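For reference, the chains in residue letters:
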Amino acid sequence: MNANQIVNMIMRIIMRKAINKGIDAGIGRATRSRKPPSADTKPVTQDNPQTEATQAEIRERRRARRAVRQARREARDQKGK
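Residues numbered from 1 in each chain as written. Predicted model: local features only at pLDDT ≥ 70, side-chain atom pairs only at ≥ 80, totals over all residues. Heavy atoms only, no water.

Visitor: I keep staring at the environment of arginine 16 and nothing clicks. Help me out?
Guide: By the element assignment, arginine 16 lies in helix α1 (residues 3-31). Each C-alpha atom, one on arginine 16 and one on glycine 80, is 9.2 Å from the other, the two residues being 64 residues apart in sequence. (Helix = DSSP H or I, 4+ residues; strand = E, 2+ residues; numbered from the N terminus.)

Visitor: Explanation requested: the pattern of salt bridges in the structure shown.
Guide: Two side chains carrying opposite charge are able to pair once their charged atoms lie near each other. Overall, the coordinates contain three salt bridges when judged by the stated rule. The closest approach of N and O atoms between arginine 76 and aspartate 24, which form a salt bridge, is 3.8 Å. Of the two residues, arginine 76 is situated in helix α2 (residues 52-80) and aspartate 24 in helix α1; the sequence distance between them amounts to 52 residues. In this structure aspartate 24 comes out as partly exposed when scored by relative accessible area, which is 38%. (Salt bridge = Lys/Arg side-chain N within 4 Å of Asp/Glu carboxyl O. Buried < 20%, exposed > 50% of the residue type's maximum accessible area, 1.4 Å probe, protein only.)

Visitor: How should I be thinking about the layout of surface pockets in this particular structure?
Guide: Any space left empty among the atoms is revealed by the rolling of a water-sized probe across them. Taken as a whole, the largest pocket spans an internal volume of roughly 430 Å³. Around the largest pocket, the lining comprises 15 residues; the ones closest to its centre are Asp24, Ala25, Arg72, Arg73 and Arg76. Broken down by element, the lining of the largest pocket gets its largest block of residues, eight residues, from α1. Class assignment of the residues belonging to the lining of the largest pocket gives a composition of four nonpolar, three polar and eight charged. Each pocket or cavity is described by its volume, and for the second largest pocket that value is around 280 Å³. (1 Å grid on protein atoms, 1.4 Å probe; cavity = no way out; pocket = protein on both sides within 12 Å on 5 of 7 lines; lining within 4 Å. Points joined across faces, edges and corners; volume = space filled by probe spheres on them. Nonpolar A, V, L, I, M, F, W, Y, C, P; charged D, E, K, R; others polar.)

Visitor: Looking at this model, I keep getting lost on α1. Mind explaining?
Guide: Along an α-helix, a turn takes 3.6 residues, which lines up residues three or four apart on a common side. Spanning 29 residues, α1 covers 42 Å between terminal C-alpha atoms, matching the ideal 42 Å at 1.5 Å per step. Of the residues that open α1, the one with a side-chain oxygen 3.2 Å from the backbone nitrogen of asparagine 4 is asparagine 2. (Expected span 1.5 Å × (residues − 1). Polar contact = N/O pair within 3.5 Å; in protein donor to acceptor, adjacent residues only side chain to side chain.)

Visitor: Sorry, what's going on with a nonpolar patch on the surface here?
Guide: Taken together, the side chains of Met1, Ile6, Val7, Met9, Ile10, Met11, Ile13, Ile14, Met15, Ile19, Ile23 and Ile27 define a hydrophobic patch exposed on the protein surface, amounting to about 1,100 Å² of accessible area. In this structure, isoleucine 10 sits in helix α1. Taking relative accessible area as the criterion, isoleucine 10 reaches 42% and is therefore assigned partly exposed. (Patch = residues over 30% accessible without salt bridge, like charges linked within 9 Å, V, L, I, M, F, W, Y side chains within 5 Å. Areas by Shrake-Rupley, 256 points an atom, 1.4 Å probe, with all protein chains shown as cover.)

Visitor: Explanation requested: a positive patch on the surface in the structure shown.
Guide: Taken together, the side chains of Arg59, Arg62, Arg65, Arg66, Arg69, Arg72 and Arg73 present a region of like positive charge at the surface. Residue placement: arginine 59 occurs in helix α2. Overall, arginine 59 belongs to the partly exposed group, its relative accessible area being 48%. (Lys, Arg positive; Asp, Glu negative; His and termini not counted. Charge placed at Lys NZ, Arg CZ, Asp CG, Glu CD.)

In C-alpha cells form, the structure reads like this:
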C-alpha cells in the first residue's frame, strides 16, 4: 500500500464521518417541531404550577427522546465498524 492509497483511505473516512454528522444534524433539525411558542403558554411559576401528571408526561417524553438518540448513536456506531 503506497502513501497515496493511505491518504485517500484516511480522507474517505474523515469525509464519511463529516457527511454523516451533517446528515444527522439536518434530519434532526427537520424533524423538530416548527410551532412557535404560543402566547397562551406561560412558564412554570408559583402562579402557574404544573400538575404532577404534566411533569410526569414531560419526563416520559424526555426519556423517550434520550432512548431514540441513544439508539441512533448505536446504529451509527455499528455502521462505522
